[in-house]
Amino acid sequence: MGNISIDKTAPARLLADSSGSHGTSYQQAFVELAATHRGQPPARIVPLLRAAADRALLGFTAADLREQAEAISTGWPYELRISLT
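In this report, the structure presented in the accompanying data block is examined. Every value quoted in this text rests on a predicted model; they were computed, and no experiment measured them.

What counts and how
- Residues numbered from 1 in each chain as written.
- Predicted model: local features only at pLDDT ≥ 70, side-chain atom pairs only at ≥ 80, totals over all residues.
- Heavy atoms only, no water.
- Phe/Tyr/Trp six-rings, centres within 6.5 Å; stacked < 30°, edge-to-face > 60°.
- Helix = DSSP H or I, 4+ residues; strand = E, 2+ residues; numbered from the N terminus.
- Buried < 20%, exposed > 50% of the residue type's maximum accessible area, 1.4 Å probe, protein only.
- Expected span 1.5 Å × (residues − 1).
- Core = buried A, V, L, I, M, F, W, Y, C linked by side-chain atoms within 4.5 Å.
- Contact = heavy atoms within 4.5 Å.
- Salt bridge = Lys/Arg side-chain N within 4 Å of Asp/Glu carboxyl O.
- Axes fitted to C-alpha atoms, helices over the stretch in contact; angles between N-to-C directions.
- Parallel < 35°, antiparallel > 145°, perpendicular 65-115°, else oblique.
- Left-handed = near helix turned anticlockwise from the far one by under 90°.
- Nonpolar A, V, L, I, M, F, W, Y, C, P; charged D, E, K, R; others polar.

## Thoughts on the packing of aromatic side chains
Evaluation of the coordinates by the stated rule reveals two aromatic pairs. The interplanar angle of 35 degrees and the centroid separation of 6.1 Å between the aromatic rings of F30 and Y78 together place this pair among those described as tilted. Residue F30 is found in helix 2 (residues 26-36), and its partner Y78 is found in the loop between helix 4 (62-74) and strand 2 (80-84); the two are separated by 48 residues along the sequence. Judged by relative accessible area, which is 17%, F30 ranks as buried.

## What about helix 4?
For helix 4, with 13 residues, the first-to-last C-alpha span of 18 Å sits near the 18 Å given by 1.5 Å per residue. All buried positions along helix 4 are accounted for by D64, L65, Q68, A69, A71, I72 and S73. Positive backbone phi, at 85 degrees, marks G75, one or two positions downstream of helix 4.

## Regarding the nonpolar core
Counting residues in hydrophobic clusters, the biggest one holds 14 residues, and the most contacted among them are Y26, L49, F60 and I72. Discounting chain neighbours no more than four positions away, the residues touching I72 are F30, L33, A34, H37, R38, G39, I45 and L49.

## Some details on the pattern of salt bridges
The full count for this structure, using the stated rule, is one salt bridge. Of the charged contacts, one joins R50 and D54 as a salt bridge, the two residues approaching to 3.6 Å between their closest N and O atoms. A residue pair is termed a helical-turn pair when its members lie 3 or 4 positions apart in one helix, as R50 and D54 do in helix 3 (residues 42-55) at four residues. A relative accessible area of 26% means that R50 is categorised as partly exposed.

## A look at unusual backbone geometry
Positive phi values are uncommon outside glycine, yet L57 reaches one of about 60 degrees. Residue position: L57 is located in the loop between helix 3 and helix 4. With a relative accessible area of 60%, L57 lands in the exposed category.

## Description of the environment of Q40
With respect to the secondary-structure elements, Q40 resides in the loop between helix 2 and helix 3. Taking the relative accessible area as the measure of exposure, Q40 reaches 21% and is therefore partly exposed. Spatially, the C-alpha atoms of Q40 and I72 are 8.3 Å apart, while their sequence positions differ by 32 residues. Each residue touching Q40, except ones within four places of it in the same chain, is listed here: I45 and S73.

## Here's the deal with the packing of helix 2 against helix 4
Close contact between helix 2 and helix 4 brings their axes to 9 Å; oriented N to C, the two are set at 40 degrees. Compared by their axis directions, helix 2 and helix 4 come out oblique. Considering the relative orientation of helix 2 and helix 4, their crossing is right-handed. Residue-level inspection shows Y26, F30, L33 and A34 of helix 2 in contact with helix 4, the latter providing L65, Q68 and I72. When the residues that make up the contact of helix 2 with helix 4 are grouped by side-chain class, the tally is six nonpolar, one polar and no charged.

See below:
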């Protein structure tokens, strides 16, 4: 399970049901990667997650991204706790 603190204006960049003008949300990108990259090495998934996080202006740490990549690779559920600042 991951934890992230984000600015109170950032949920639109994180959640798939957002109507913001920033483009694809991180949640949508994560779901797409989970559907297409299951079973692939986490090292191959991390850069894709980093690019999605950067596009969404979210500050995930390298450890956060490795944990998410492991979940995608193995097919295990991933839970993210979000704190708004």
